[in-house]
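Chain residues, written in single-letter form:
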Amino acid sequence: MRKIIAAGNWKMNKTPQEAEALITELLPLVNNDDVDVIFCVPFIDIPVAIEMLKGSNVSVGAQNMHFEDKGAFTGEISAKMLYECGVEYVIIGHSERRQYFAETDETVNRKILQAFANELIPIVCCGETLEQREEGITLDWIKGQITNAFVNVSAEQAKETIIAYEPIWAIGTGKVATKEQAEEVCKFIRETIAGLYGQEVAEEIRILYGGSVSGDSAPELFAMEDIDGGLVGGAALKADFGRIVNYNK
Ligand code: 13P
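The structure displayed is predicted, hence computed values, not measured ones. (Residues numbered from 1 in each chain as written. Predicted model: local features only at pLDDT ≥ 70, side-chain atom pairs only at ≥ 80, totals over all residues. Heavy atoms only, no water.)

**Here's the deal with the overall build of the protein chain**
Here is step 1: If you tally the helices and strands in the protein chain, you get 12 helices and eight strands.
Here is step 2: Here the C-alpha atoms of the protein chain give a radius of gyration of 17 Å, agreeing with the 18 Å that 2.2 N^0.38 yields for 249 residues.
Here is step 3: Across its three principal axes, the protein chain shows a C-alpha extent of roughly 45 × 45 × 35 Å.
Here is step 4: Across the 249 residues in the protein chain, those meeting the buried criterion constitute 53%. (Helix = DSSP H or I, 4+ residues; strand = E, 2+ residues; numbered from the N terminus. Rg over C-alpha atoms; globule rule 2.2 N^0.38 Å. Buried < 20%, exposed > 50% of the residue type's maximum accessible area, 1.4 Å probe, protein only.)

See below:
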C-alpha cells in the first residue's frame, strides 16, 4: 500500500519571517499520520523551516539544486549543502525551471543522480503543454521525459523516487485536470516505470498529480488508483493545505 504524499511547493514565496508565520498557521492543520507531508520552501527559508518542524510530521524539501558537488557555480546550491541543513527532499525539473532556467532532461537526470548520492529524495516533475495535449502527443512526451530522467538510476533508487505529473496547462491556472485525465497519465507513468524496472518497482514508486490542486479537488484525485498524492502550489500557502492533507477525514 503506497502512502499518500501531500507536498507543498512554495515557489518564490515567503521571506523567512513570513515562512515562520505560515508554518505557525499550518502546523496544527497538517497533522495526519496517514500522509507524508512535505514543505518545499525557498532556500533561504530552510533553516527556519527545519527548526520549526523538528519533531513534527512534516519534512522539509528544496525546490532545486545543482548537479555538481561544488565549485565555481555562482548562485547555486549543492545537494550536500541541502543535506547538511536537514533537507530530505528536492524538487527536480519543475516545468518553471525547464521554461525559465534552461533545465533539460539531461540536467534533470544529473540532478537526480546527485540527489541520491547525497541521500536526498528527488521529486521529479514531468508534464505536457496545452499544445502537446491538443496534438495528442502527451503520452509520448511523458515517456521521453521519464525515460531520460531515469538514465543510470538504479532500481533501488527508482523505488524511492517520487514522480510528479504536472500538466503545464493546469499549473497556476485554476484549471485542474479531471481525475480521469490525471489518472490516465499517472497510470501511464507507472507502466513506463514497469517497462524500465519491472512490476515491483512500479508498484512501489509514488506518483503525484500537480496543477491547481485544492482542498475541494484533492479527495477525488487522491482516490484514483495511480495517484499517490499531490504537489501543490498556490493552495500550499494557505489554510486550504490542511484540507488537502486531511483529504481522507
Ligand atoms: P498550483 O497548485 O499553483 O497550480 O502549482 C502547481 C505546481 O506547480 C506545484 O509544483
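**Let's talk about the pairing of strand β6 (residues 162–165)**
Here is step 1: Burial along β6 is two-sided: the face carrying Ile162 and Ala164 and the face carrying Ile163 and Tyr165 are both buried.
Here is step 2: Pairing of strand β5 (residues 121–126) with β6, which is carried by four bridges, proceeds in the parallel orientation. From the neighbouring strand, Val124 faces β6, where its bridge partner is Ile163.
Here is step 3: The sheet contact formed by β6 and strand β7 (residues 206–210) spans four bridges and is parallel. Residue Tyr165 lies in a different strand from β7, and its bridge partner there is Tyr209. (Pairing = 2+ DSSP bridges.)

**A word on the side chain of Asp45**
Here is step 1: Here Asp45 lies in the loop between β2 (35–40) and α2 (46–53).
Here is step 2: Here Asp45 occupies a buried position and makes no salt bridge, while the nearest side chain of opposite charge, Lys14, is found at 8.9 Å.
Here is step 3: For Asp45, the residues in contact, after removing those within four places along its chain, are Trp10, Asn13, Lys14, Thr15, Pro16 and Ala19. (Lys, Arg positive; Asp, Glu negative; His and termini not counted. Salt bridge = Lys/Arg side-chain N within 4 Å of Asp/Glu carboxyl O. Contact = heavy atoms within 4.5 Å.)

**Some thoughts on the sheet that holds strand β3 (residues 58–62)**
Here is step 1: Within the closed barrel, the eight strands sit side by side as β1-β2-β3-β4-β5-β6-β7-β8. Their pairing is parallel. Taken over all neighbouring pairs, the strand axes of this sheet differ in orientation by 25 degrees on average, direction set aside.
Here is step 2: By the bridge criterion, two bridges tie β3 to strand β4 (residues 89–92) in an arrangement that is parallel. The residue of β4 that forms the bridge with Ala62 is Val90.
Here is step 3: Along the sheet face, helix α5 (residues 105–117) touches β4 and β5 and points at about 160 degrees away from the line of β5. (Axes fitted to C-alpha atoms, helices over the stretch in contact; angles between N-to-C directions.)

**Some details on the pattern of salt bridges**
Here is step 1: A full pass over the atoms with the stated rule returns 18 salt bridges.
Here is step 2: Two residues, Arg243 and Asp240, come together in a salt bridge whose shortest N-O distance is 2.9 Å. Of the two residues, Arg243 and Asp240 both sit in helix α12 (residues 240–245), three residues apart, roughly one turn of that helix.
Here is step 3: Relative accessible area serves as the criterion here: at 16%, Asp240 is assigned to the buried category.
Here is step 4: Three or more residues are tied together by salt bridges with common partners; here these are Arg2, Arg190, Glu203, Asp226 and Asp228.

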